[in-house]
Amino acid sequence: MLRLTTGRVGCLLARRATAAVTTSSTRMASKEVSESVDMSQPMYWDRADIPLPDKPYKDVLTDADKSLKQKEKGPWGQLTKEEKIALYRLTFCKTYPEMKQQTAEWKTVIGGIFFFLGFTGIVIWWQSVYVYPPRPRTFDDEWKSQQLKRMLDMKINPIQGISAKWDYEKGQWK
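As the structure is a prediction and not an experimental result, all values here were calculated from the model. (Residues numbered from 1 in each chain as written. Predicted model: local features only at pLDDT ≥ 70, side-chain atom pairs only at ≥ 80, totals over all residues. Heavy atoms only, no water.)

When the UniProt feature table is mapped onto this chain, "transmembrane region" (unreviewed entry) is found at residues 109-132. In residues 109-132, helix accounts for 96% and strand for 0%; the two terminal C-alpha atoms are 32 Å from one another. (UniProt positions renumbered as here; feature names shortened; annotations may be inferred. Helix = DSSP H or I, 4+ residues; strand = E, 2+ residues; numbered from the N terminus.)

Here it is, written out as structure tokens:
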């Protein structure tokens with residue numbers, strides 16, 4: 001159901017986008033007047049969820065197409081396979097297997113994701129080099145070992161803490 005709804009919204013937005021591009025506007029004494037486009041006109045759209053489009057694929061028929069349309073009114077047993085396919089192509093642009101055929105759009109999506117991940121990595125690297133201050137000395141291993149030694153010398157938390165796990169007589173961890 002959601003696909004159907006989003007498909008209809010996409011169709012509506014595409015119609016409005018084409019209408020916005022095709023309308024011409026003129027300025028008349030500080031007032032803008034634009035041509036209106038009738039959005040109720042039928043449009044052709046190849047979609048699997050709407051099997052019958054509003055209008056046929058080909059609006060303007062050639063002489064050969066017109067004669068084929070006249071043959072269509074007769075018995076279909078007299079039509080050849082090529083004529084039947086040509087009649088189908090007058091009404092529809094794609095078949096269902098052609099509509100459902102996978103595209104290579106996933107490659108574009110994955111490429112875009114990797115591009116933005118790479119760009120984000122470059123921004124983070126740039127910030128770490130040029131924006132952030134240097135690392136404080138309290139994060140160094142030497143500082144941490146001196147801090148631990150001081151905590152053991154001061155006998156901090158002798159009951160359950162770090163000093164309880166240190167053997168002061170042997171000078172090592174219990």
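Right, picking up where we left off after that structure.
Position of Arg47 relative to the elements: it lies in the loop between strand S2 (31-34) and helix H2 (63-72). Among the polar contacts listed, one links the side chain of Arg47 to the side chain of Asp49, at a separation of 2.7 Å. (Polar contact = N/O pair within 3.5 Å; in protein donor to acceptor, adjacent residues only side chain to side chain.)

Quick look at the pattern of salt bridges now. According to the stated counting rule, one finds 7 salt bridges in the structure shown. The partner of Glu72 in a salt bridge is Lys69, and the shortest N-O contact between them spans 3.4 Å. Taken together, the positions of Glu72 and Lys69, both in helix H2 and 3 residues apart, correspond to about one turn of that helix. Of the charged contacts, one joins Lys71 and Glu83 as a salt bridge, the two residues approaching to 2.5 Å between their closest N and O atoms. One end of the pair, Lys71, is in helix H2; the other, Glu83, is in helix H3 (residues 81-91), and 12 residues separate them in sequence. (Salt bridge = Lys/Arg side-chain N within 4 Å of Asp/Glu carboxyl O.)

This part takes up the environment of Arg89. Topologically, Arg89 is positioned in helix H3. On the basis of relative accessibility, which here comes to 29%, the residue Arg89 falls in the partly exposed class. For the pair Arg89 and Tyr57, spaced 32 residues apart in the sequence, the C-alpha separation amounts to 7.5 Å. Once you skip the residues sitting within four places of it in the chain, Arg89 turns out to touch Tyr57, Lys58, Lys94, Thr95 and Glu98. A distance of 2.3 Å separates a polar atom in the side chain of Arg89 from the backbone oxygen of Cys93. (Buried < 20%, exposed > 50% of the residue type's maximum accessible area, 1.4 Å probe, protein only. Contact = heavy atoms within 4.5 Å.)

Positionally, Ser163 belongs in the loop between helix H6 (141-153) and strand S3 (166-167). If we skip the residues at most four places from it in the chain, Ser163 touches Met151, Leu152, Lys155, Ile156, Asn157, Pro158 and Tyr168.

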